[in-house]
Amino acid sequence: MYGCLFGFFYFFSSPFIGKTIKPSYSNFSRWYIVWILVAAVYHLPSFQSMGVDLRMNLSLFLTIYLSSILFLLVFHIMFYGLWYIGLVSRVAGKRPQILTILQNCAVLSVACCVFYSHCGNRAFLKERPLDRKNSNWFNFWKKEDRNTWLAKFLRMNELKDQVCSSWFAPVGSASDYPLLSKWVIYGEIASCNGSCPGSSDEISPIYSLWATFIGLYIANYVVERSTGWALTHPLSVKEYEKMKKKQMKPDFLEMVPWYSGTSADLFKTVFDLIVSVTVFVGRFDMRMMQAAMSKVDDDHHKGDILYDHFNEKDDFWFDFMADTGDGGNSSYAVARLLAQPHLRTVKDDSVVRLKRGDLLIIGGDLAYPNPSTFTYERRLFVPFEYALQPPPWYKAEQIAVNKPEVPDGAELKNYKGPQCFVIPGNHDWFDGLQTFMRYICHRSWLGGWLMPQKKSYFALELPKRWWVFGLDLALHGDIDVYQFKFFCQLVNEKVREDDSVIIITHEPNWLTDWYWNDVTGKNISHLICDYLKGRCKLRMAGDLHHYMRHSHTHGNSEGPIHVHHLLVNGCGGAFLHPTHVFSKFQKLYGVNYECKSAYPSFEDSSRIALGNILKFRKKNWQFDFIGGIIYFILVFSVFPQCKLNHILQEDTFSGHVKNFLATVWNEFIYILEHSYVSLAGAIVLLVAAYSFVPSKLSRKKRAIVGILHVSAHLASALILMLLLEIGVETCIRHNLLATSGYHTLYQWYRSVESEHFPDPTGLRARIEQWTFGLYPACIKYLMSAFDVPEVMAVSRSNICKNGLESLSRGGAVIYYASVFLYFWVFSTPVVSLVFGSYLYICINWLGLHFDEAFSSLRIANYKSFTRFHIRANGDLEVYTLAVDKVPKDWKLDPDWDGETKIPQQLSHLRKHPSKWRAVTSNQDPIHTVKIVDHFIIETTQNNSSNSNTQKNDIDTVLQTDDSDRTVQ
């Protein structure tokens, strides 16, 4: 029983050990665990057999705790009233947090109980001054008394009495404080141990200790709230500011808890998605609205979509990243790398120096889980603004009226700073693109990146005959007819036969179509195959939060090569996705492709999936709210189990196990034949499990997987139910529970209270009279509420003797609530283990749930972006830069803070543009960044035919013998 009890409580509390989780569910769990665990442990026999009786400490704790709360609440109400009428400083108007009051009262009560455990409530009689001087505890240190001191140290009982009598006992008698004589609790006489006739005149040391703590709390609170100052301020202002800078750190948001049962954002995401899919898809499309507002046939208005101000640059670099705006640490790590003027890393034993991109292209999904003012500002703009600050004159709330708003009124082509273009992803479309339009198309700056963009899709003409088409797929997985018309006209009118085109979409439909065995993006395919005709050298996308590159092979192709390279890079900040699930993709448009690079590797990806078994609950502790309730509903109808003799009276272990499993099966049959609540819960869970299985499987296979999944949960819930019932039944049979009724602890406390805490002045009777009986009633029911096992056992015994009908509605609610409090602790670790194991089996054995199995892990590591360089000969050199481990702790960058700040200077001109750096220098992304993929796409030669173009456009890995080669 001890092993099961402490084991389940350990696994329940393991996610909260050594960390603080916001919101304060961890604080709630700590107090909840202490409450439920202590309430169970003090009934078990081992403590009683050792002579340790926790009843006095528990009852004393609850009494002091409740009294302290009421006293402090009255004080705060009075103090707040004084502030309201203007008798104290304005600082006092800040209301105290209820949690702070509760925690202070708990600490105060624990201190009093610890003192009582060691010293009791003994009132030591006053000694004469000479006697007290001779009995001073410090005389142990006198040289002539060392042997005496050592002897007393070995006799710990005597030492304890000496400490209690010398340090804590002299608190005075009631005769010393006549005004307080009727308002104090008295101590029992030390020499009589409570058996002397009459009562002591000495004030209780417990009462004195409690009054001291209460007085210190009130004094400290009044001083701080009345003056605005703490009691001490040891540092000078200069030292304080210096220390404050060292302690500064960014307030980044955590990764989105996708399996949270309490997140309002997730419920809003589901609601927005349902509305967007069922109401707007096929009926209203923001892209049509954009097309209606722009006359794309007019050259004057093509600037809203077509941008050609880059085409005259000589040395051009640009970056691509996607799927940012999840965890603040990971998003800032990527943004910090993008913001650096140069990045130095190593490639094939040579130092490579990569210049910051003149252009940043973001491939969608700017904030998770849904587009809103909060998520865009906190998850997208804050990390980017920390990495590269916007201009000093920029106001975030300002709407850009005449984009592009270039500094100093210069032309866009003359602006030397970095620029940014963005396409929306599926998460950006959950609100019909409203937030994206407001923050991207109607703002001018993303941090220090200028945003000239006016629409959700665009075309960029780059140097050396390179083009970038940024397409908006919305929630359809395809471009609309107006978008298709614009890009077709652009290809016919602007794109020459020897030009090269990069197409960027949010969704990599070449992988998703293969995975789901579907065909999407027909308009995109029409544009690529029938209009570009081999000029699409590269397709890029995000959506999948990993890096993969496929390049065409020169064998067994069924037709012309329409796309030469396929690249997915969604590692901009969101949780990691697996790569091994997509390892068998090979063909697109009849052309064979080979995976040239994957990050993380297929082996690492498969290994990471194991975390669903080991870390699911640690990463998704908010799943408790869903899992615990589901398990309780599954076994609600089989509580209580009154006939357990056949299990407990077996002589062999195998007999125990056999009867235990037979009982589990019988209860399963009972649920099917007689239950209402549990059967309804099982049916709902089965429907949900069937729907949860990906639709790529046949209905028969989905049903098999769903039934096996639900069977594992139902079996686990029944086993946990039976373990709990056996534990309660064992305690009842050994007279540890259900001995005298619901108020056992209170009745015992009242029987010993008068003995250990004398009240000759009748203070308790007066308080009971003034509170109309609330004083003892509140303590009585508080003790009953604390003693959950006793309440559960008494109710269970009544049900087993007289039936459930014998309980009133309130009594039934009390019974099931007491059962739920313990069953919650038992079930939440198990439901997470079962569900995590299901995800692991599906992702690694069946190739299912690639999204669900990795969103549960909330992995912030393995982040990357892709940097492009258009070389002088027109070839496109491609680097993918990655960071294996994202720092969790940041501090103010001293280089950034110490750099001379020129008024009105744009941040991209600074040598150190980012505000924060990793606390550990060797873990900073600037020092850990590495190249995980590098290849070259050759430009189409002017005098080459289309067939020669396809032949010459091959992967070329940069090779050099000079280890000091630098790419500028």
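Residues numbered from 1 in each chain as written. Predicted model: local features only at pLDDT ≥ 70, side-chain atom pairs only at ≥ 80, totals over all residues. Heavy atoms only, no water.

Trainee: How would you summarise unusual backbone geometry if you had to cite specific residues and measurements?
Mentor: Each neighbour pair has its own omega, and for Lys403 with Pro404 the value is 0°, a cis peptide bond. Relative to the assigned elements, Pro404 resides in the loop between helix H14 (373–387) and strand E8 (419–422). For the bond running from Phe639 to Pro640, omega is -10°, close enough to zero to count as cis. Among the secondary structure elements, Pro640 is positioned in the loop between helix H21 (624–635) and helix H22 (645–648). Look at Asp408: it is not a glycine, yet its phi comes out positive at around 65°. For His849, which is not glycine, the phi dihedral falls at a positive 60°. (Helix = DSSP H or I, 4+ residues; strand = E, 2+ residues; numbered from the N terminus.)

Trainee: So what's going on with the confidence of the model for the protein chain? Which residues, and what values?
Mentor: Chain-level pLDDT for the protein chain is 83 on average; 80% of the residues reach the 70-or-more range. Counting contacts from residues 229–234, a segment whose pLDDT is below 50, to residues more than four positions away or on other chains yields 5 contacts. Note on residues 943–968: pLDDT is under 50 here. Beyond four places in sequence and across chains, it has 59 contacts. (pLDDT = per-residue confidence, 0-100. Contact = heavy atoms within 4.5 Å.)

Trainee: Describe the packing of aromatic side chains, listing the residues and the values that go with them.
Mentor: One pass over the structure, following the stated rule, counts 57 aromatic pairs. Ring geometry for Phe486 against Phe487: centres 5.1 Å apart, planes inclined by 75°, an arrangement best described as edge-to-face. Take Phe486: its relative accessible area is 3%, and that puts it in the buried class. By relative accessible area, which is 0% here, Phe487 ends up buried. (Phe/Tyr/Trp six-rings, centres within 6.5 Å; stacked < 30°, edge-to-face > 60°. Buried < 20%, exposed > 50% of the residue type's maximum accessible area, 1.4 Å probe, protein only.)

Trainee: Describe in detail helix H23 (residues 653–673), supporting the description with residues and values.
Mentor: Between its first and last C-alpha, H23 extends 30 Å over 21 residues, near the 30 Å set by a 1.5 Å rise per residue. Buried residues of H23: Gly655, Asn659, Phe660, Thr663, Val664, Glu667 and Ile671, and no others. In the core, the buried residues of H23 are packed alongside H21, H22, helix H24 (677–692) and helix H25 (699–733). (Expected span 1.5 Å × (residues − 1).)

Trainee: Hey, could you go over the pairing of E8 for me, with residue numbers and the actual values?
Mentor: Alternating residues of E8 divide into Gln419 and Phe421 and Cys420 and Val422, and every residue in both groups is buried. Pairing geometry for strand E7 (residues 359–362) and E8, over 4 bridges, is parallel. Across the sheet, Leu360 pairs through a bridge with Cys420, a residue of E8. Once you follow E7 into H14 and on to E8, the crossover reads as right-handed. (Pairing = 2+ DSSP bridges. Right-handed = clockwise from strand over helix to strand, strands pointing away.)

Trainee: For the packing of H21 against helix H30 (residues 809–846), give the residues involved together with the corresponding values.
Mentor: Across the interface, H21 lies against H30 with an axial gap of 7 Å and an inter-helix angle of 115°. Judged by the twist between their axes, the crossing of H21 over H30 is right-handed. In this structure, H21 uses Asp624, Phe625, Gly627, Gly628, Ile629, Tyr631, Phe632 and Val635 to contact H30, whose residues at the interface are Tyr816, Val819, Phe820, Phe823, Trp824, Ser827, Thr828, Val830, Val831 and Val834. Grouping the amino acids of the contact of H21 with H30 by side-chain chemistry returns 13 nonpolar, 4 polar and 1 charged. (Axes fitted to C-alpha atoms, helices over the stretch in contact; angles between N-to-C directions. Left-handed = near helix turned anticlockwise from the far one by under 90°. Nonpolar A, V, L, I, M, F, W, Y, C, P; charged D, E, K, R; others polar.)

Trainee: How would you summarise the pairing of strand E14 (residues 536–541) if you had to cite specific residues and measurements?
Mentor: Looking down a regular strand, the side chains alternate between one sheet face and the other. Among the 6 residues of E14, 6 are classified as buried, and the element is accordingly described as predominantly covered. Here 4 bridges tie strand E13 (residues 500–504) to E14, and the two strands are oriented parallel to one another. Note on E14: the bridge partner recorded for Val501 is Cys536. Pairing analysis gives 5 bridges linking E14 to strand E16 (residues 563–569), with the strands arranged parallel.

Trainee: Quick one: what's the story with the pattern of salt bridges, residue by residue and with numbers?
Mentor: Taken as a whole and assessed by the stated rule, the structure comprises 21 salt bridges. Where Arg336 meets Asp893, a salt bridge forms, and the shortest distance between an N and an O atom there is 4.0 Å. Taken as a pair, Arg336 in helix H13 (residues 328–339) and Asp893 in the loop between strand E21 (890–892) and helix H32 (894–898) lie far apart in primary sequence, 557 residues in all. Like Arg336, the residue Asp893 is buried in the burial classification. Between Glu729 and Arg796 there is a salt bridge, and its shortest N-O distance comes to 2.7 Å. Note that Glu729 is positioned in helix H25 and Arg796 in helix H29 (residues 788–802), a separation of 67 residues in sequence. Counted as one network, the salt bridges with shared partners bring together Arg465, Arg496, Asp498 and Asp499. (Salt bridge = Lys/Arg side-chain N within 4 Å of Asp/Glu carboxyl O.)

Trainee: Lay out the side chain of Thr435 with the relevant residues and their values.
Mentor: Mapped onto the secondary structure, Thr435 falls in helix H15 (residues 434–441). What makes Thr435 buried here is its relative accessible area of 3%. Excluding anything up to four places from it in sequence, Thr435 contacts Pro371, Ser372 and Tyr376.

Trainee: Before we move on, can you summarise the environment of Leu672 with the specific residues and values?
Mentor: Structurally, the position occupied by Leu672 is in helix H23. On the basis of relative accessibility, which here comes to 46%, the residue Leu672 falls in the partly exposed class. For the pair Leu672 and Ala682, spaced 10 residues apart in sequence, the C-alpha to C-alpha distance is 9.4 Å.

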